[in-house]
Amino acid sequence: MNPDSDPGAAALTRTLAGLARARSRIRARTHDSCACGESLLSDRADGTVVRVGTAVAKAHAADTDPAALDVRVRIAADHALAGILLPPLPPAAVARLDGGRLATVWPYGVPVDPDEPLSAPWEAAGTVLARLHAVALGPLGGRLPGALPAMRGPAKAAAALGRMRAATAGRAAGITAGRTDPRIGRQHQAARDATERVWAGLPAWCRAEDPGTIPSTRALCHGDFHLGQLVRSPSPGAPGWRLIDIDDLGAGDPAWDLARPAAWYASGLLSPDAWARMLDAYQEASGTRGSDPWPQLDAPARALTAQSAALAVAKAAAAGRALDEDEEALVESCNRIAQLHAVQGP
Amino acid sequence: MQCPKCGAPMQTFNRSGVQIEQCGGCRGIFLDYGELDALSRFESQWSQQPAPGPPPPPQGPGPAPQAYPAAPAWGAPHQGQHGYHGGHQGHHGKHGGRQGFGRMLFSS
């Protein structure tokens with residue numbers, strides 16, 4: 001969506017910029033005279049993010065649960081999360097924009113350079129996730145205005161499968177009508193079938209179908225970890241990397257947060273060195289050094305492989321293009337998982 | 001490349017993460033060093049019960065024998081318990097962590 005051509009998006013960007021200015025003024029009145037402009041950092045259905053100088057305002061997805069978002073913002077502001085999650089700009093309150101979208105305001109932190117994935121802070125990622133998972137849930141819960149929400153990772157994976165089904169259903173119609181290269185259509189169908197087989201073989205909790213069967217290990221989880229979720233702390237007195245994006249934060253199986261990099265590694269997309277650096281740092285910080293992580297990682301890593309493959313198929317089908325090499329590697333992973341599952345039985 | 005048997009051009013295919021060349025004329029297949037091993041290993045992996053990988057090796061300083069961290073039974077060839085094969089890493093520049101991989105690292 002291009003805000004220049006979409007009046008609704010342009011209005012949302014202006015509203016968010018105004019909110020960011022108002023909140024950052026509370027913190028630093030000198031910002032009034034600052035000439036720094038607005039920039040749109042991200043614009044997707046599940047979140048529009050606008051930066052104004054040192055502040056960032058985010059409009060959350062239209063279907064966001066207000067009570068759960070309020071609890072999540074308060075978690076980010078809690079002292080137990082200092083040095084782990086980037087805290088919001090005070091007050092730690094959710095704003096409601098004209099039109100009903102919920103919005104939050106944060107300090108701007110410099111993200112990981114997308115052009116330098118090999119120099120990414122893998123050790124810091126492992127350490128900060130271990131510290132997040134070590135937060136004591138009982139005392140934290142006592143300081144929150146509502147119940148600790150569930151980590152939304154499995155729900156997001158289920159949504160990705162839904163998106164793939166919708167996109168490929170439309171694609172099949174496109175093929176029938178002769179608008180899509182049949183070879184591309186067949187590639188998408190094969191990828192979709194492999195992804196569905198992986199999905200069908202997952203435990204119910206990984207598909208967000210039966211939260212009652214979540215493994216007994218329960219911790220505060222990020223729920224959507226990737227390299228875009230790390231920023232440098234903007235606070236000069238407390239440097240280091242912080243986690244951002246609280247939309248999926250909540251109680252759940254901590255293996256989920258490690259499982260996406262694990263799935264990249266298992267697909268041959270992430271180097272053994274980067275994976276080992278992150279895993280070693282995590283295990284060092286969590287006191288589990290040297291133990292085999294895969295008994296816990298296996299099911300979530302299969303779920304996240306299916307999620308990534310589903311999103312790849314959905315995007316490729318929507319664009320009418322073939323899967324690229326990285327996306328194919330995910331589909332190959334799905335095929336291997338499905339083959340093993342066929343040998344093993346359910 | 002040209003087929004050594006009939007001279008027709010050969011095309012590159014990716015089979016289970018292993019790149020092979022197939023002749024467009026006689027359909028013969030050319031495998032680079034180590035690729036047959038990789039395919040055989042992959043085949044036997046399918047017929048085995050998946051077992052958890054061994055614990056990751058201690059990461060001591062200095063040049064320890066090259067080994068990959070543990071990987072699941074469904075991991076890509078060249079990974080995890082399938083060990084390191086001298087001369088094979090970086091053979092295709094694909095499975096050792098790639099340069100063009102940035103986009104996926106930064107999204108859900």
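Above this text is the structure in question.
Report on the accompanying structure.

Rules used throughout
- Residues numbered from 1 in each chain as written.
- Chains lettered and ligands numbered in written order.
- Predicted model: local features only at pLDDT ≥ 70, side-chain atom pairs only at ≥ 80, totals over all residues.
- Heavy atoms only, no water.
- Helix = DSSP H or I, 4+ residues; strand = E, 2+ residues; numbered from the N terminus.
- Buried < 20%, exposed > 50% of the residue type's maximum accessible area, 1.4 Å probe, protein only.
- Contact = heavy atoms within 4.5 Å.
- Areas by Shrake-Rupley, 256 points an atom, 1.4 Å probe, with all protein chains shown as cover.
- Salt bridge = Lys/Arg side-chain N within 4 Å of Asp/Glu carboxyl O.
- Pairing = 2+ DSSP bridges.

**Overview of the overall build of chain A**
Argument step 1. Tallying secondary structure elements over chain A gives 10 helices and 9 strands in all.
Argument step 2. When the 346 residues of chain A are sorted by exposure, 51% land in the buried category.
Argument step 3. For chain A, the proportion of contacts with a sequence separation of at least 24, taken over those separated by at least 6, is 73%.
Argument step 4. Surface summary for chain A: the accessible area is close to 14400 Å², and the carbon and sulfur share equals 53%.

**Concerning the overall build of chain B**
Argument step 1. Broken down by element type, chain B carries 2 helices and 3 strands.
Argument step 2. Put simply, chain B runs from its N terminus to its C terminus through helices and strands in the order β-β-β-α-α.
Argument step 3. Summarising the internal contacts of chain B: among those between residues at least 6 apart in sequence, 26% fall at separations of at least 24.
Argument step 4. Working note: accessible area of chain B is about 5900 Å², and carbon and sulfur atoms make up 55% of it.

**Brief notes about the environment of P234 of chain A**
Residues and elements named next belong to chain A.
Argument step 1. Residue position: P234 is located in the loop between β7 (230-232) and β8 (241-243).
Argument step 2. Distance in space between the C-alpha atoms of P234 and L86 is 9.0 Å, their sequence separation being 148 residues.
Argument step 3. In this view, P234 contacts L86, P107 and Y108; residues no more than four positions away in its chain are not counted.

**Here's the deal with the pattern of salt bridges**
Side chains bearing opposite charge may pair, as long as their charged atoms lie close to each other.
All names here are of chain A.
Argument step 1. For the coordinates displayed, the defined rule picks out 16 salt bridges over all chains.
Argument step 2. A salt bridge links K156 to D224; the nearest nitrogen and oxygen atoms lie 3.9 Å apart. Here K156 is found in helix α5 (residues 153-176), whereas its partner D224 is found in the loop between β6 (219-221) and β7, with 68 residues between them in sequence.
Argument step 3. Among the residues examined, D224 registers a relative accessible area of 5% and is labelled buried.
Argument step 4. Where D193 meets R192, a salt bridge forms, and the shortest distance between an N and an O atom there is 3.6 Å.
Argument step 5. The class for D193 is partly exposed, based on a relative accessible area of 34%.

**Observations concerning the pairing of strand β5 (residues 102-107) of chain A**
Every regular strand shows the same layout, with side chains that alternate between the two sheet faces.
Residue and element names in this part refer to chain A.
Argument step 1. With 6 of its 6 residues buried, β5 lies for the most part within the structure.
Argument step 2. Pairing of strand β3 (residues 55-60) with β5, which is carried by 5 bridges, proceeds in the antiparallel orientation. From the neighbouring strand, K58 faces β5, where its bridge partner is T104.
Argument step 3. What sits between strand β4 (residues 95-96) and β5 in their antiparallel hairpin is a turn of 5 residues, with G99 showing a positive phi close to 100°.

Read these as spatial facts, not as claims about activity.
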